[in-house]
Every structure is written in structure tokens, then in C-alpha cells.
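# Architecture at a glance
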Amino acid sequence: MNSAVPAGLPIREYLLVGLVSAALTFLLTAVVRRFAIKVKAVAIPRKRDVHVVPIPRMGGVAMYFGVVGGMAMAHQLPVLRRAFEYSFDPIAVLLGGGVIVLIGALDDRFELDAWTKLAGQVMCAGILVLFGVQWVSLWVPWGGDADALGNVLMFDRNQGGLLAVLLVVVMVNAMNFVDGLDGLAGGLGFIAAAATCTFSLGLLAQSGGDVGTYPPALIAATLAGACLGFLPHNFQPAKIFMGDSGSMMIGLMLAAASTSASGRINYISFDATDVVALLSPLFVVAAVLFLPLLDLVLAVIRRTRRGESPFAADKMHLHHRLLEIGHSQRRAVLLIYLWAGMLAFGAVAVTLFDTSAVFWTMCAGLVVAALISLVPRLRRQRESTTT
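Reference entry: report on the structure contained in this document.

Scoring rules and cut-offs
Residues numbered from 1 in each chain as written. Predicted model: local features only at pLDDT ≥ 70, side-chain atom pairs only at ≥ 80, totals over all residues. Heavy atoms only, no water. Helix = DSSP H or I, 4+ residues; strand = E, 2+ residues; numbered from the N terminus. Buried < 20%, exposed > 50% of the residue type's maximum accessible area, 1.4 Å probe, protein only. Contact = heavy atoms within 4.5 Å. Areas by Shrake-Rupley, 256 points an atom, 1.4 Å probe, with all protein chains shown as cover. Patch = residues over 30% accessible without salt bridge, like charges linked within 9 Å, V, L, I, M, F, W, Y side chains within 5 Å. Salt bridge = Lys/Arg side-chain N within 4 Å of Asp/Glu carboxyl O. Axes fitted to C-alpha atoms, helices over the stretch in contact; angles between N-to-C directions. Parallel < 35°, antiparallel > 145°, perpendicular 65-115°, else oblique. Left-handed = near helix turned anticlockwise from the far one by under 90°. Nonpolar A, V, L, I, M, F, W, Y, C, P; charged D, E, K, R; others polar.

Moving on to the overall build of the chain. Across its full length, the chain carries 13 helices and four strands. For the chain, the residues scored as buried account for 53% of the 387 residues in total. Taking contacts inside the chain between residues at least 6 apart in sequence as the whole, the part at least 24 apart equals 75%. Carbon and sulfur atoms make up 68% of the accessible area of the chain, which totals about 17,500 Å².

Below is the structure:
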């Protein structure tokens with residue numbers, strides 16, 4: 001894993017792989033849509049839903065085959081083939097992703113109970129761990145000595161595997177919870193995957209070509225392409241939903257890419273006094289997953305306080321609240337894109353550019369995003385005071 005290759009970022013190759021995934025997903029989604037209608041995998045409008053007409057699901061099946069196509073293309077490119085030669089991470093994602101897409105497709109058709117899906121998610125996370133997708137080390141800001149700030153925690157196989165399983169299960173359910181508006185989960189998946197790929201390419205440049213940084217960039221690039229190819233079919237008004245087959249696959253691949261990129265970083269390459277550099281893996285993971293995880297945590301707290309199951313559905317997610325404020329579906333989705341993009345790419349920028357400049361730019365961007373989010377409520381308040 002410590003082998004190095006000649007310096008130089010294979011950006012064009014990753015773009016090609018992402019475009020192949022996008023094109024295949026775009027073309028296959030129409031085929032999957034007809035199949036979903038034929039097998040009656042259709043979302044009938046419920047009280048908590050935003051859509052008002054039946055819409056087919058199973059879009060995640062097309063996204064998965066787009067990922068498979070992108071991985072196949074990468075294997076044919078001499079530069080990106082290193083992702084397969086030095087690591088089993090891409091194979092683990094293909095196998096674990098295939099199983100979770102199958103479970104999701106069954107749920108899209110037959111509506112599996114929550115505990116059956118949870119068991120399937122743990123099994124798919126276990127597949128990743130068996131192939132080596134797990135945390136090896138993590139820097140923490142305590143326990144250091146006079147020459148170094150903080151300490152690096154080293155995990156054994158059981159500890160690292162358990163942490164990876166936990167991240168997969170949490171991320172899968174977070175993406176499942178956030179999938180409530182046309183184009184929302186697909187757009188968030190694209191933003192998070194693109195940010196993770198950018199972070200991995202930054203690690204590749206900093207390490208001078210360490211082959212360990214190729215797999216996470218490949219996983220993220222193919223996922224970004226699949227989400228991008230699906231969005232034209234799914235953006236409001238949606239012709240097809242990705243369903244659990246898609247949202248669970250996005251969560252699994254994001255968790256796998258984050259673990260592959262951040263869980264095995266060689267901290268020796270960082271300056272022992274550079275807190276930002278040492279924390280950058282955690283910054284990126286936290287920022288990429290922030291909005292879905294925030295929605296998940298708030299939903300669990302809200303439901304358990306009411307004495308309900310954490311898996312019980314309601315209409316109080318972040319996107320529902322934006323609709324209540326007065327935003328349209330499209331504007332609510334674009335606003336969440338803006339928040340997610342600011343957080344994810346801001347965290348990546350911290351690892352690549354001057355920290356203070358990135359900080360103030362992010363603060364300005366977040367203020368603008370907050371003002372845009374509150375415009376309908378402020379407008380209503382002003383109208384009520386003038387009448």
C-alpha cells in the first residue's frame with residue numbers, strides 16, 4: 001500500500017470514468033423505469049409525501065450499473081488500474097453495493113420492514129470490512145508530547161471494522177431519511193462524492209502518488225457520475241425515484257469512500273504541529289455527511305421523544321421545514337445543495353488553500369445561504385406588519 005507512482009494527477013482519467021458512469025446511468029434509467037412500472041414498484045402518494053401522482057422507483061438499479069460501467073472503464077485505463085492492483089476496496093464496493101441495491105430493490109417493490117433492512121445493511125457493511133475497508137488510524141487532539149500535538153489512535157481489525165460498520169449503517173440511513181424531495185438525495189450524493197474525490201486527489205498530490213489514494217477517488221468519481229446521470233430523470237418534476245435501492249447505495253459508497261480516504265492516512269506526511277492538516281480528514285468526513293446526519297439525528301430525537309420508533313416516518317425533515325417556510329420544491333432542493341456544497345467543498349478547500357481565506361469565504365457564503373433560506377419568512381413578516 002505504500003508503493004508510490006510518478007507524480008501527476010490523473011484528473012482526465014477520473015473525469016472520463018465519471019462521465020461513463022453518468023452516461024450509462026442516464027441511458028439505463030429509462031429502461032429501469034419501464035421495468036419498475038411492469039413489476040409494480042411504484043410509489044403511491046401517502047400523507048407525508050410531497051408527490052401527488054404514482055411514480056416508479058428502483059432508480060438505484062440504473063445507478064449501480066452506471067457505477068459498474070465506470071469501474072470497468074477504470075480497470076482498462078493503465079493509470080487507474082492501480083486502484084484494483086493494490087486494494088480490494090473497489091471490488092468490496094461492487095459486491096457490497098450490489099447486495100444493498102438488491103435489498104433496496106426488494107424494498108421498493110415489497111416494502112420490507114425496518115429491522116430486515118437494518119440486518120441487510122449490517123451484512124453489506126460486513127462485506128466491506130471483509131475486503132479490508134476499515135479504519136486503521138485516527139488522529140485525536142490529546143495525548144501528545146512536547147514535540148507533537150495530539151496522538152494517533154491505532155485500531156486493530158475488530159475495532160476498525162466495527163467503526164466502519166457503524167459509519168456505513170449511519171450513512172445509509174441518513175441518505176435514506178433525506179431522500180424526500182425530487183433530486184435531493186441524488187444532488188447531495190453528487191456533491192458529497194465530488195468533494196470526497198477532490199479530497200482524495202489532494203491526498204494523491206501530497207503523498208507523491210501513494211497508490212492507497214487511488215481507490216477512494218475512484219469510488220467517489222463513479223458515484224458522482226451515477227448521481228449526475230440520474231438527476232435529469234429525478235429533478236422536479238421527477239419521472240422516477242431512486243428508491244431505497246439508490247439512497248442506500250449512495251450511503252454505502254460515501255461511507256466506503258470516506259473510510260478508504262480518511263481511515264488509512266499516513267500521518268507521518270503531516271507536520272506534527274499543523275492542527276488543520278491533521279484534522280482535515282475529520283473535517284471532510286464531517287462536512288460531507290453533515291446535512292444527512294443532522295437530519296437523521298433530529299429525526300431520531302424527535303421520534304423517540306414522542307415515544308415512537310426511530311424508523312417511524314413523519315413530515316418534519318429539513319426539506320419539509322423549508323417547504324413550510326414558503327420555498328418551492330425546486331428552491332428548497334437548490335438551497336440544500338448550496339448548504340451542502342459550502343460545507344463539503346469548504347472543508348476540502350481548508351486542506352488545499354490558505355486556511356484564513358477559506359474560513360472567511362465560507363462564513364460569507366453561509367451568511368448568504370442563511371439569508372436566502374429565510375427570505376420567504378422575512379417577506380411574510382413584513383407583509384403582515386404592513387397590513
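Structurally, the position occupied by A125 is in helix α5 (residues 114–130). Taking the relative accessible area as the measure of exposure, A125 reaches 1% and is therefore buried. Once residues lying within four places of it in the same chain are set aside, the contact partners of A125 are V165 and V168.

With the exception of glycine, the majority of residues adopt a negative phi angle, and the majority of peptide bonds are in the trans configuration. The backbone phi angle of K40 is positive, close to 65°, even though this residue is not glycine. With respect to the helices, strands and loops of the structure, K40 is situated in the loop between α1 (11–38) and β1 (42–43). The phi dihedral of M58 is positive, around 75°, even though this residue is not glycine. Note that M58 resides in the loop between β2 (55–56) and α2 (59–76). For M58, a relative accessible area of 7% puts it in the buried group.

Let us look at a nonpolar patch on the surface. Among the surface-exposed residues, F88, I91, L95, L130 and F131 lie close enough to one another that they form a single nonpolar patch of about 490 Å² accessible area. Examined against the element boundaries, L130 turns out to sit in helix α5.

Contact geometry for α2 and helix α8 (residues 214–234): axes closest at 9 Å, N-to-C directions at 135°. As summarised for this structure, α2 and α8 are arranged oblique, according to the angle between their axes. The way α2 lies across α8 gives a crossing that is right-handed. Contacts between α2 and α8 involve G59, M63, V67, G70, M71 and A74 from the former and L218, I219, T222, L223, A226, C227 and F230 from the latter. The class makeup of the residues in the contact of α2 with α8 is ten nonpolar, three polar and no charged.

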